[in-house]
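A closer look at the structure
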Amino acid sequence: MNDKVIYLDYAATTPVDPRVAVKMAACLTQEGLYANPASAHTPGRNARGAVERARSQVAALVNAQPGEIIFTSGATESDNLAIKGVAHFYKDKGRHIVTARTEHKAVLDTCRQLEREGFEITWLKPDADGLLPPQRVTQALRADTILVSIMHVNNEIGVAQDIAAIGRGTRARGVLFHVDAAQSAGKLPIDLNMLDVDLMSFSGHKLYGPKGIGALYVRREPRVNLEALIHGGGHEGGLRSGTLATHQIVGMGEAFALAQAQLAEDAGHVAALRERLWRGIHELVPEALLNGHATQRVAGILNVSFPGVEGESLLFACCTLAVSSGSACNSATREPSYVLRALGREDEVAGSSLRFSLGRFTTAAEVDAAARIVGEEYRRLKSLAA
Amino acid sequence: MGTTVTGYHANVWQHFRAPRNAGMFAPGTPGVVSGRAGNAQHGREVEMALRLDEDARILECRYRVYGCPATIALCSLASEALRGQPLAAAATYSVLALAESLRLAAEKRAAALVVEDALREAAAGYNGPLPPYAAATVQAKQV
Amino acid sequence: MSLKATSIYLDHNATTPLDPRVLEAMLPWLQGIHGNPSSVHRYGRAARAALDTARQQVAALVNAQPAQVIFTSGGTEANNLALKGVCSGTPDGRLLVSAVEHAAVLEPAETLATQGWRVRQLPVDGDGRLDMQALDDMLDLDVRLVSVMRANNETGVLQDVQAVAGRAHGYGALMHTDAVQAAGRIPVDFVELGVNLMTLSAHKLNGPRGVGALIVDKRVDLRPQLTGGGQEQGLRGGTEDLAGVIGFGKAAELAHSELAVRARQLQALREQMEAGLKCIAGIRIFAAGAERLPNTVQIGVEGHAGEMLVMALDRHGIAVSSGSACHSGSGKPSHVLLAMGVDAAMARSAVRISLGMDNTAENVRALLTALAAVTAKRAGAVALA
């Protein structure tokens, strides 16, 4: 318990950047922005100013208008708001939704709930490299399709979908397009001015901001309508009621501004370490298999299958590494990753896969140590079974 | 003994981290019976081997294991417990009771049953009184 | 605790400043590496353990079981979850809410009405107290849920939630109470009140904003409103606001241990204030005859617009509100006051003063002086015209 654990689980959550923490803490003191941003008095207006500044920072990272950003309690709520919001608003137009089997649980569970409400869902299967050919999405569109929801970067394997091409296909057919960008914002360049994306979900805590805050981009031109999920008070243009958490919003804004300023630097740092980690693992465990497309991907996520050893044992044997098997939200259950299974990996191999996710504060020494630990523990477990 | 931060009993954790008596006997070792259970495709597979003396007493218990930490630890613990016992003990030893004493979660009971099955299988491979010890070997039953 | 000299904050029902001790508890969780509570590795488990401690602290404040606590992004989400979680998916039933509920209850109720639910509002008397006779008349076996707040956010009026719950249960209905304004200011006991669902908010009890809770007993078959991830026993998906939840826990613990002291201090300040208000011409204290929160006074000032008074006091460095913060700027008279039978003109003149632990007798004197000045000035202006 005393030995230091190497944190390689940035895709589950990132540490708050110290520069973000400073801004947040400043909001939380008695001298800070303690008032309710909805209040008419001066302290209230000051808080509102800080919220609006953060809204601009979030919008700037993805080249959107500040008025197109709605703050939520996180990407899960953003996904819920986007999908249920569209489904319930446009239900008289059609009841068909297209999504992929490898989406985050926030999208899958929401679509399943809509299925129970009478909506029809097409669950697309990506290729073995995790990528979804854009024409597969276009081909799934029907006259009654109202929404396509495809994530930008997959949280387990890190592959990046071609949202530009998918968007062109949906826009041509007048179908709304939602993208969960929780894992890609600040890691890959996103220009919503150039993309035919109507709704996009963001998370604070995947980008060195706080947990419990997220945002949904809602395009104004052409305008997207949503039915709100949380009612009462009319905050955020009536789309999301509830007192705004100024410190959380300020933290997310600062995190997004920092990400914008150092996007290339972060991506370069992380890509180099990821390469180093994969080389290190592959040297010690030649039978290791890389999951997901080798190049069309985000820099920070490396998902590797280790054939011939059992997944939970491997994960626990590597107890000095904070890595995950499957996504964090699935970790409590011992089922093999549904994402890897959707890509056609056998249960046994899918079960013995580890996701290493690297970030801004990861060092070469940590990566080298991780490769060594995984290599040693793999050999040990393999020899038990031999 | 408390549970470790991993949620496993400290004994389970220790035996998972450093399993005792792991690895099989060299081929042709005299007095060995063995049995296999489980299936790697279903998450766990165990082969248990017992080296017996002329009185059918267990001199040594070794194993091969593919599975979760609980499966590995139960193999290790059982191998220690059975050393020096008569062969009949392998047929009646309750790995399930061991698992319960280690407070393994209900979904881990299957691990205990696989280890138990492998032991039963090994014991069943014994074909009656052994010939003079040095003269003969007992073939492991083929699965 | 002291606010800036130029600013006297008397709007604690809108939000309260964070207690420095709560900030201290939160800060470590904003620094360094902390896991996702859903992860099984060491960082994740440490986060999970901290979450569980906070759950115990929040449960203890209202005498509930930790497993009954579902963390949400705030009181609004918790109220939405309570109403829609019980009602949505089954478009057949009746829902009773009091006419003086917060928008976070009234608006979900309206949404349910568009889905086929028959929603009725329970009237209140001139002092804002629930009309129990009307409740008895409206209750029948079709009623599935009754929602009545413990304390009103504008007037501070307390409702006899225990009695309402008893009657609701008599007809097999579930009972929800929005205790956002009450928790931490008066004793709130989930078991004693006999409710099935209760809403709490951290930022009304000197905790952080963006975190709240719904307390749910096992009689309730709740449908999640945010799906995905399986957090909070599958009833509320999404990675938890770890620092926020830990702050909520600490704030709840402090409120629990200091409740009596706080109530006494607030009550004393309010008495001082009400005595002073009675000396200013044209001021009426709403719901004066009802049992109220120790920290809340809502007044009407004849011949004045509440929003103008708020602006005028703001120039004196005093922050108050013209009603619910969520509705400030709308120009509409308070639905709470209208439900009490206050006429629209008087309702438009409403100003809510809500005290907190950072306030002093000096603050109250400053308010009284400023209020006398701004109301006299206005009266003078009218006289001259």
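Let me sum up the structure you'll find in this document. Keep in mind that what you see is a predicted model, and the values were worked out from it rather than measured.

Counting its secondary structure elements, chain B contains 5 helices and 3 strands. Mapped from its N terminus to its C terminus, chain B presents α and β elements in the order α-β-β-β-α-α-α-α. For chain B, with 143 residues in total, the buried portion stands at 52%. Summarising the internal contacts of chain B: among those between residues at least 6 apart in sequence, 62% fall at separations of at least 24. Carbon and sulfur atoms make up 52% of the accessible area of chain B, which amounts to about 6400 Å² in all.

Before going further, it helps to spend a moment on the packing of aromatic side chains. Counting across every chain of the model gives 12 aromatic pairs over all chains. Taken together, a centroid distance of 4.9 Å and an interplanar angle of 85 degrees make the contact between A:Tyr34 and C:Tyr9 edge-to-face. Residue A:Tyr34 is located in the loop between helix H1 (18–28) and helix H2 (42–61), and its partner C:Tyr9 is located in strand E1 (residues 8–9); the two belong to separate chains. Classification of C:Tyr9 as buried rests on a relative accessible area of 0%.

A few words on the interface of chain B and chain A. Residue-level contacts link 20 residues of chain B with 16 residues of chain A. Interface area for chain B against chain A, summed over the two sides, is near 1500 Å², with a carbon-plus-sulfur share of 57%. Put simply, chain B and chain A have 2 salt bridges between them. The closest approach of N and O atoms between B:Lys108 and A:Glu312, which form a salt bridge, is 2.5 Å. Along the contact surface separating chain B from chain A lie 11 residue pairs in polar contact (both at pLDDT 80 or more). If you list the elements that add at least two residues to the side of chain B that touches chain A, you get helix H1 (10–17), strand E3 (58–66) and helix H2 (69–82) of chain B. At 4 residues, the largest contribution of residues to the side of chain B that touches chain A is made by E3(B).

The next thing to look at is the pairing of strand E10 (residues 296–301) of chain C. All names here are of chain C. In terms of residue burial, E10 counts as a mostly covered element, since 6 of its 6 residues are buried. With burial as the criterion, each face of E10 is covered, one bearing Thr296, Gln298 and Gly300 and the other bearing Val297, Ile299 and Val301. Both strand E9 (residues 283–285) and E10 contribute to a ladder of 3 bridges, which runs antiparallel. Counted as the bridge partner of isoleucine 285 is isoleucine 299 from E10.

A separate point is the sheet that holds strand E2 (residues 69–72) of chain C. All names here are of chain C. Strand order in the open sheet formed by 7 strands is E2-E8-E7-E6-E5-E3-E4, with mixed pairing between adjacent strands. One side of each edge strand has no neighbouring strand; the edge strands of this open sheet are E2 and strand E4 (118–122). Looking at each pair of strands side by side, their axes are set apart by 20 degrees on average, direction ignored. For strand E7 (residues 197–201) and strand E8 (residues 212–216), the ladder comprises 5 bridges, and the chain directions are antiparallel.

Further remarks concern the sheet that holds strand E2 (residues 44–52) of chain B. All names here are of chain B. With respect to topology, 3 strands assemble into an open sheet ordered E1-E2-E3, the strand pairing being antiparallel. Edge positions in the open sheet fall to strand E1 (32–39) and E3, since each of these has one partner strand only. If you compare each strand with its neighbour and ignore which way they point, the axes differ by 15 degrees on average. In terms of strand pairing, E1 meets E2 through 8 bridges, oriented antiparallel. Each residue of the ladder has a partner; that of glycine 35, found in E2, is methionine 48. Contacts from H2 reach E2 and E3, with the element oriented near 175 degrees to E3.

Residue and element names in this part refer to chain A. Contact geometry of helix H3 (residues 75–89) with helix H4 (residues 105–116) gives a least axis separation of 9 Å together with a crossing angle of 30 degrees. Classified by the angle between their axes, H3 and H4 sit roughly parallel to one another. Here H3 and H4 pass one another in a crossing that is right-handed. Residues Thr76, Asp79, Asn80, Ile83, Lys84, Ala87 and His88 of H3 lie in contact with H4, whose contacting residues are Ala106, Val107, Thr110, Cys111, Gln113 and Leu114.

Moving on, we come to the nonpolar core. Soluble globular proteins: nonpolar side chains tend toward being buried together. If you look at the biggest cluster of nonpolar residues, it comprises 126 residues, and the most contacted ones within it are A:Met200, A:Phe202, C:Val146 and C:Met198. Not counting residues up to four positions away in its chain, the partners in contact with C:Val146 are C:Leu96, C:Leu122, C:Leu139, C:Val164, C:Ala168, C:Ala173, C:Leu174, C:Met175 and C:His176.

Below, the discussion takes up H1(B). All of the buried residues in H1(B) are B:Ala10, B:Val12, B:Trp13, B:His15 and B:Phe16. Residues of H1(B) that are buried in the fold lie against helix H9 (311–317) and helix H12 (364–385) of chain A together with H2 of chain B.

With that out of the way, let us pick up the environment of C:Asp127. All names here are of chain C. On the secondary structure map, aspartate 127 appears in the loop between E4 and helix H5 (132–138). Residue classification places aspartate 127 among the partly exposed residues on the basis of a relative accessible area of 21%. When the C-alpha atoms of aspartate 127 and valine 216 are compared, they prove to be 30 Å apart, with 89 residues separating the residues in sequence. Residue contacts for aspartate 127: discarding those within four places in its chain leaves Val157, Ala287, Ala288, Gly289, Ala290 and Met340.

Our next topic: the interface of chain A and chain C. Interfaces are often described in size by the accessible area the parts lose on coming together. In this assembly, 68 residues from chain A lie in contact with 66 residues from chain C. For the chain A and chain C pair, buried surface summed over both sides reaches about 5200 Å², with 56% attributable to carbon and sulfur atoms. A per-residue breakdown of the area chain A buries against chain C is headed by A:Gln30, A:Tyr34 and A:His231, which together make up 15% of the total. Viewed at the interface, chain C and chain A are joined by 1 salt bridge. For C:Asp314, the salt bridge goes to A:Arg45, with nearest N and O atoms at 3.1 Å.

Rules used in this analysis
- Residues numbered from 1 in each chain as written.
- Chains lettered and ligands numbered in written order.
- Predicted model: local features only at pLDDT ≥ 70, side-chain atom pairs only at ≥ 80, totals over all residues.
- Heavy atoms only, no water.
- Helix = DSSP H or I, 4+ residues; strand = E, 2+ residues; numbered from the N terminus.
- Buried < 20%, exposed > 50% of the residue type's maximum accessible area, 1.4 Å probe, protein only.
- Contact = heavy atoms within 4.5 Å.
- Areas by Shrake-Rupley, 256 points an atom, 1.4 Å probe, with all protein chains shown as cover.
- Phe/Tyr/Trp six-rings, centres within 6.5 Å; stacked < 30°, edge-to-face > 60°.
- Buried area = accessible area lost by both parts, 1.4 Å probe.
- Salt bridge = Lys/Arg side-chain N within 4 Å of Asp/Glu carboxyl O.
- Polar contact = N/O pair within 3.5 Å; in protein donor to acceptor, adjacent residues only side chain to side chain.
- Pairing = 2+ DSSP bridges.
- Axes fitted to C-alpha atoms, helices over the stretch in contact; angles between N-to-C directions.
- Parallel < 35°, antiparallel > 145°, perpendicular 65-115°, else oblique.
- Left-handed = near helix turned anticlockwise from the far one by under 90°.
- Core = buried A, V, L, I, M, F, W, Y, C linked by side-chain atoms within 4.5 Å.

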